[in-house]
Amino acid sequence: MSAPLLSVAGLCVSYGRVEAVRDVSITVAPGAIVTILGPNGAGKTSLLGAVMGVLRSRGTLAFAGAPIERRAVERRVADGMCLVPEKRELFVTMSVEDNLRLGGFRRRASSDYGATLDRMWTLFPRLKERRAQMAGTLSGGERQMLAMARALMSGPKLLMLDEPSLGLAPLIVRDIFRIVAELRDSGVSILLVEQNARAALELADYGYVLENGSVVLEGPAAALRQDERVIAAYLGIRSVAT
Amino acid sequence: MDLSIVLILLQDGVTNAAIYALLALALVLVFTVTRVIFVPVGEFVSFGALSLAALEAGRMPGTVWLLVILGVAAAAATLFAGRRDLTVRSVALTLAETILLPLAIAALTAFLAPHKPPQLVQVALALLIVAPMGVYTYSAVFRPIAEASVLVLLIVSVALHLALVGLGLIFFGAEGSRTEALSRASVTLGDLFVSGQAVVVLGVTAALMVGLYLFFERTLIGKALRATAVNRLGARLVGISPGFSGRVAFALAGVIGALGGILISPLTTIYYDTGFIIGLKGFVAAIIGGLVSYPLAAAAAIMVGVLESFASFWASEFKEVIVFMIIVPILLARSYGTTVLEDEE
Amino acid sequence: MSASARTALLLLVAFAAALPFIPGVPPYWITVAAYIGMAAIVALGIVVLTGVAAVVSFGQAMFVGFGAYTTAILTTRHGWPPLATLPVAIGIAGLLAWGIGAITLRLKGHYLPVATIAWNISFFYLTGSLDYFRRFDGIAGIPPLSIFGISFAEVTRFYLVTLLVVVALVVVTRNLLDSRVGRSIRSLKGGALAAESFGVDTGRAKILAFVYAGVLAAISGWLYAHFQRAINPSPFNVNVSIDYLLMAVAGGVGQIGGAILGAALVTIVRDKLQDVLPWLIGAQGNYEAIVFGTVLILIFQFAPEGLWPYLRRLFGPPARARPESAGAAGLLRPARERPAPGAEILRVTNLRKAFGGLVAVNDLSFTVQAGEIVGLIGPNGAGKSTSFNLVTGVLAATGGSIAFRGEEICGRPARRVAALGIARTFQHVKLVHGMSTIENVALGHHLRGRAGALQGALRLDRAEEAQIFADARRQLERVGLLDCADTLAGELALGQQRLVEIARALALDPVLLLLDEPAAGLRHAEKTALAGLLRRVRAEGVAILLVEHDMDFVMGLTDRLVVMNFGSELAQGSPADIQRNPAVLEAYLGSAA
């Protein structure tokens, strides 16, 4: 197995005296989809925030072999990490195209800006139709797509997605998951936080289960799908029904 | 009151309003990008005006030393903040920007000032001396506490204002100065006597506004600033560092403030502490615009300027009362219509 | 307050009182100390207004001016004795604060501070331009303070009076903040929405804080006028207001001790700089403003919360003595009459909520009966929390009806909904972090108590407070958090904070209880305990509506389920039925990718 793209060890995140993430260690291999499951409030979003550098944390973080704890968010973006947050955080009063343009803010070479933009239009044809529209006027699914496209404009090696299916209709969720799979196939590693446990485990290579800020279970996604505890807690209804 | 008086008052009001509008834009810009209510923008006005007056008199303005001191403070703060991640390149860049540049400007001033260069050169020199203080102020004072609450940022802003006013008194003394008009030409249009200075003020203001508009609409950096204002977290996630946006915003505010002073100083006598009340009127306009809308802030500035002009004609003693009391109903009107319950930060 | 802190404070007061009698203390120090005292009174008001109620005012010097001008005019022109003018000064300042507050406090965000600047500047120019106030010359010949024939013209005497007033106002302020009304003011910072949901009129609480700060400023102004014996508009201008705000913030806004510390710091630094700097720098000039500004900037670079929080750590956390449980019950409003089991409590019919084009809740209908737990489930974003906000009056519905015990409540504000006996918890916990756990629970008792601001300030509310806190302890015990009663709510783990919210909801003595994800963040044993508690509450006849993602928890606890998806109702029925419903399975599990 190749050296991990992202490795996190002993990570802790605190809000005042409340510890949201406690001693979490995870790794993401190049070209893998890794999913993090867990109930609301388990610390999944805080974990992603700490990896991206928008939250302060203790512990070690290494990306592509280099320690990054001290690097500011913008350095991490330039290094090839990006986060699509749960709330999307779009520039709502700016056009779709401006949002994408700013997504490529850290790109050194502007030469391949056009090529990347074209690739986004291919991946998300709906966005191309709305390129001049304000981001704030988009529908929920389009917003998620724009948030992903904006992140991809920086040419990341690691894409972190926080609840991409939140509040979206099943058809759109299917679309988004298909695109996530395509991205993995094109070499981007994915760290996926998802409430839709079954869909996430079917897509992912590896999974972690987070509870009260700690990893309580981890393993290959196929194994987690069969795990009694995961079935009971996250695939709950089904287990009772069948 | 006949038509010619109305026209004169309108001209006065609109000319002052143009400067309020500029300051309002600077305040909106700095606030949306950094959450700092930039009270000392008024001191940039005073410094710009008084530096120009000193140069006109063939003296070296004291603000040059302030520029050097602020540069040193900015260098110290920047290097301290980045102490864990320093490279030769970053240190060299910081020092060049914060130490070498002010020294170069100081040297240039020392060389040119005694020769009483042409007016345009004096104006450029005054701008060069005062405008960079915006960036240094940000690096030295606000960057280290960028995450503090709006209230703390405001109080620090006030403290900076107090310190700068004190410095202004030392540099320029208690006497006021009035600089020469930037244009002595004048035109008479029917009843209206249009002064060249008013035309210059309005022209420069209009040009600056168009320039800013193009900057925000057409350039990547301008868009990055807007992005920071719209969504701070989103901007960080695409790699726009808050420090970068803050520096650009303060740099622009420095230029606008200094320019405002240069434009207004031929119109009225400027004292070391005059800037505050001018800035306050810009602030009122900015607030009426909700601290977010540029066009509304500009419109509000015109209202403030014209109102002030007419108020000083009718009831000069109550000029300030009228100007400031009129904003309460306007604020009330602006306040209605949104949700009632909000949890403050 | 811990014993050592109390001793330290008493020593400090004793020292302050003894200061003029210590041999070798220059009389000038006493003058400075008197100024500190007068400034501290204003800063104390700002602590309540800005630090506690989160309202920033740049106009406090104007209220000082109200007090000063009132007594100046009454004593010099109408021959009133100084003491007689104090109630008038307080009354005028209070009334004007109420009026100005009623207009201005409606303003949101940054409009409010600016409006206070506008008021203050207008006051300055009005007093400076009107003959009635003798324009910028001001009013001279104000008599010295004399009370019952004893003159306080002499500095030491005046200082002691000022000290007495400061101590009295510190005690009154502490009492006020530690009362039923005080808790409602304290909830303005971070918990306004929750407070409204427990019956607090937060708009009123805000005005109250404004009036209180205005009255304190006027008292300071009254003292000032009789100390200076002559006044003009300058000490009441907006830059002085900024000075007062500086004092409160530099000391640590929100801290009573910070007000005094900040007042002392700012007054002394300003004063000393005037003496020391010319000697130090060897030049005459206005250097103190520069050094003063720079010192303040540096303070905030290293202590953004102000100085007091740092000093306070020396004395440990400020735990407070709680009134102990009183014997006689019955001061609190009595428990509501319980509806008969099975009686219909809530009927929601065709409820609809649209945010712009997005329909968050679409034609939702369901009922909840007394003694029943109904679960509202569905994927994240299905509209469950929006439905909660509609029922509790936090949001206004776009259409449909909500009937509580047969009465239409759609469109009522949250605090009136709460008064009917509807209590709730929040998906994103809304506790007041700076308040102890038990005080947060006591906020839930707001509607059951009666004591007003004056009773609180004068400690006439102790019997009622004792009962509130006795009941709050009972509720904390029920959720298993009695040990954490005096811990600051912000320091609890998230799961515990959710339990505190439940205790607060129970404190309202509700007929209908709405719980938004109560089990999130709890460990297995805690979930079991919570389920047990909710069963007991149900057995008491309370109707419970519950949003929860933990299916084990929901299925084992609820009597009926309402499933939502995309704002609409997907299914209703018993837990067993729901588990077999194919549409639910599809929506809830999401389709396989």
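Residues numbered from 1 in each chain as written. Chains lettered and ligands numbered in written order. Predicted model: local features only at pLDDT ≥ 70, side-chain atom pairs only at ≥ 80, totals over all residues. Heavy atoms only, no water.

(A) Here's a closer look at the overall build of chain A. A count of helical and extended segments in chain A gives 11 helices and 10 strands. Expressed as lengths along the three principal axes of its C-alpha atoms, the size of chain A is roughly 50 × 45 × 40 Å. Counting every position in chain A, which comprises 242 residues, the buried fraction comes to 55%. Within chain A, counting contacts between residues at least 6 apart in sequence, those at least 24 apart form 67% of the total. For chain A, the accessible surface area stands at approximately 9,700 Å², while carbon and sulfur atoms represent 50% of it. Computed over 30 positive and 25 negative side-chain charges, the separation of the two mean positions in chain A equals 4 Å. (Helix = DSSP H or I, 4+ residues; strand = E, 2+ residues; numbered from the N terminus. Buried < 20%, exposed > 50% of the residue type's maximum accessible area, 1.4 Å probe, protein only. Contact = heavy atoms within 4.5 Å. Areas by Shrake-Rupley, 256 points an atom, 1.4 Å probe, with all protein chains shown as cover. Lys, Arg positive; Asp, Glu negative; His and termini not counted. Charge placed at Lys NZ, Arg CZ, Asp CG, Glu CD.)

(B) Seen up close, the sheet that holds strand β7 (residues 407-408) of chain C. Residues and elements named next belong to chain C. One open sheet holds the four strands; their spatial order is β4-β3-β6-β7, and the pairing between them is antiparallel. Two strands in the sheet have a free side with no partner beyond their single neighbour: β4 (358-369) and β7. Sheet analysis places strand β3 (residues 344-355) next to β4, joined by eight bridges and oriented antiparallel. Bridge assignment links Leu351 to a residue of β4, and that residue is Leu364. Relative to β3, helix α14 (residues 384-391) is tilted by about 115°, and along the sheet it contacts β3, β4 and β6 (399-404). (Pairing = 2+ DSSP bridges. Axes fitted to C-alpha atoms, helices over the stretch in contact; angles between N-to-C directions.)

(C) A look at the packing of aromatic side chains. Residue and element names in this part refer to chain C. What the rule picks out here adds up to 22 aromatic pairs over all chains. Pairing Tyr69 with Phe123 gives two aromatic rings, centres 6.3 Å apart and planes at 80°, and the pair type is edge-to-face. Residue Tyr69 is found in helix α3 (residues 60-78), and its partner Phe123 is found in helix α5 (residues 111-129); the two are separated by 54 residues along the sequence. The same class applies to Tyr69 and to Phe123, which are both buried. A network of ring pairs unites the aromatic residues Phe63, Phe66, Tyr69, Phe123, Tyr132, Phe133, Phe210, Tyr224 and Phe236 as a single cluster. Taking the ring centre of Tyr132 as reference, the NZ or CZ of Arg77 above it sits at 5.0 Å. Over the ring of Phe355 we find Lys353, and its NZ or CZ is 5.3 Å from the ring centre. (Phe/Tyr/Trp six-rings, centres within 6.5 Å; stacked < 30°, edge-to-face > 60°. Lys NZ or Arg CZ within 6 Å of the ring centre and 35° of its normal.)

(D) Highlighting the interface of chain C and chain B. The partner chain B presents 45 residues to the 47 residues of chain C that form the contact. The interface formed by chain C and chain B includes one salt bridge. A salt bridge links Glu317 of chain B to Arg135 of chain C; its shortest N-O distance comes to 2.6 Å. Scanning the region where chain C abuts chain B turns up three residue pairs in polar contact (both at pLDDT 80 or more). Contributions of two or more residues to the side of chain C that touches chain B are made by α5, α8 (192-197), α10 (238-252) and α12 (287-302) of chain C. In terms of residues, the side of chain C that touches chain B owes the most to one element, α5 of chain C, which gives 11 residues. (Salt bridge = Lys/Arg side-chain N within 4 Å of Asp/Glu carboxyl O. Polar contact = N/O pair within 3.5 Å; in protein donor to acceptor, adjacent residues only side chain to side chain.)

(E) How the structure looks around the sheet that holds strand β4 (residues 58-63) of chain A. Residue and element names in this part refer to chain A. Read across the sheet, four strands follow the order β2-β1-β4-β5 without closing on themselves; strand pairing throughout is antiparallel. Each edge of the open sheet is held by one strand with a lone partner, namely β2 (18-28) and β5 (66-67). Here β4 pairs with β5 via two bridges, running antiparallel. Considered in β5, the bridge of Ala62 is made with Pro67. Seen against the sheet, helix α1 (residues 44-52) touches β1 (6-15), β2 and β4 and runs at an angle of roughly 115° to β1.

(F) Molecular detail of the layout of surface pockets. The space that makes up the second largest pocket amounts to roughly 1,400 Å³. Around the second largest pocket sit 42 residues that line it, and Ser234, Asn239, Val240, Asp243 and Arg270 of chain C are the ones nearest its centre. Those elements that place two or more of their residues in the lining of the second largest pocket are α7 (150-172) and α12 (274-288) of chain B together with α2 (27-52), α5, α9 (202-228), α10, α11 (256-281) and α12 of chain C. For the lining of the second largest pocket, the element with the highest residue contribution is α10 of chain C, accounting for seven residues. Broken down by class, the residue content of the lining of the second largest pocket amounts to 25 nonpolar, 12 polar and five charged. (1 Å grid on protein atoms, 1.4 Å probe; cavity = no way out; pocket = protein on both sides within 12 Å on 5 of 7 lines; lining within 4 Å. Points joined across faces, edges and corners; volume = space filled by probe spheres on them. Nonpolar A, V, L, I, M, F, W, Y, C, P; charged D, E, K, R; others polar.)

(G) Up close: the pairing of strand β9 (residues 512-516) of chain C. Residue and element names in this part refer to chain C. Extensive coverage of β9 is indicated by the burial of five of its five residues. Side chains of β9 alternate between two faces, with Leu512, Leu514 and Asp516 and Leu513 and Leu515 buried alike. Direction of pairing for β9 relative to strand β10 (residues 543-547): parallel, over a ladder of five bridges. Bridging across to β10, Leu515 finds its partner in Leu546. The β-α-β motif built from β9, the intervening helix α20 (residues 524-539) and the parallel element β10 has right-handed crossover chirality. (Right-handed = clockwise from strand over helix to strand, strands pointing away.)

(H) Region of interest: a nonpolar patch on the surface. On the surface, Val210, Tyr213 and Leu214 of chain B cluster together into a nonpolar patch covering about 290 Å² of accessible area. Secondary-structure assignment places Val210 of chain B in helix α8 (residues 196-218). (Patch = residues over 30% accessible without salt bridge, like charges linked within 9 Å, V, L, I, M, F, W, Y side chains within 5 Å.)

(I) Spotlight on the confidence of the model for chain A. Mean pLDDT over chain A stands at 88; residues scoring 70 or higher make up 93%. Under a pLDDT of 50 for its full length, residues 237-242 of chain A has, in the predicted model, 14 contacts with residues more than four places off or in other chains. (pLDDT = per-residue confidence, 0-100.)

(J) Helix α9 (residues 220-230) of chain B, seen in detail. Buried residues of α9 of chain B: Gly222, Lys223, Ala224, Leu225, Arg226, Ala227 and Thr228 of chain B, and no others. Against the buried residues of α9 of chain B lie α3 (96-103) of chain A together with α1 (3-34), α8, α10 (232-237) and α11 (242-264) of chain B.

(K) Representation of the pairing of β3 of chain C within the structure. Residues and elements named next belong to chain C. Following β3, the chain reverses through two residues before pairing antiparallel with β4; Gly356 in that reversal takes a positive phi of roughly 60°. Judged from the five bridges that link them, β3 and β6 form a sheet pairing that is antiparallel. Across the sheet, Leu346 pairs through a bridge with Phe404, a residue of β6.

(L) The arrangement of the pattern of salt bridges in detail. Residue and element names in this part refer to chain C. What the rule picks out here adds up to 34 salt bridges over all chains. Close ionic contact of Arg415 with Asp201 constitutes a salt bridge, the shortest N to O distance being 3.6 Å. Of this pair, Arg415 sits in helix α15 (residues 414-419) while Asp201 sits in the loop between α8 and α9; the two residues are 214 residues apart in sequence, bridging distant segments of the chain. Put simply, Arg183, Asp461, Arg462 and Glu465 are held in one network by salt bridges that share partners.

(M) Spotlight on the side chain of Thr425 of chain C. Residues and elements named next belong to chain C. As for its placement among the helices and strands, Thr425 is situated in the loop between β8 (422-424) and α16 (437-443). For Thr425, the side chain forms a polar contact with the main-chain nitrogen of Asp516, separated by 2.9 Å. Those residues within four positions of Thr425 in sequence are excluded, and the remaining contacts are Glu501, Ile502, Ala505, Leu514, Leu515 and Asp516.

(N) Main features of the nonpolar core. Core analysis: the biggest nonpolar cluster contains 201 residues, and Phe38 and Phe142 of chain B together with Ile231 and Tyr244 of chain C have the highest contact counts within it. Not counting chain neighbours up to four residues away, the residues in contact with Ile231 of chain C comprise Ala68, Tyr69, Ala72, Asp137, Gly138, Ile139, Ile142, Tyr224, Ala225 and Phe236 of chain C. Leu37, Leu100, Ala199 and Leu201 of chain A belong to the second-largest nonpolar core, a separate cluster that totals 48 residues. (Core = buried A, V, L, I, M, F, W, Y, C linked by side-chain atoms within 4.5 Å.)

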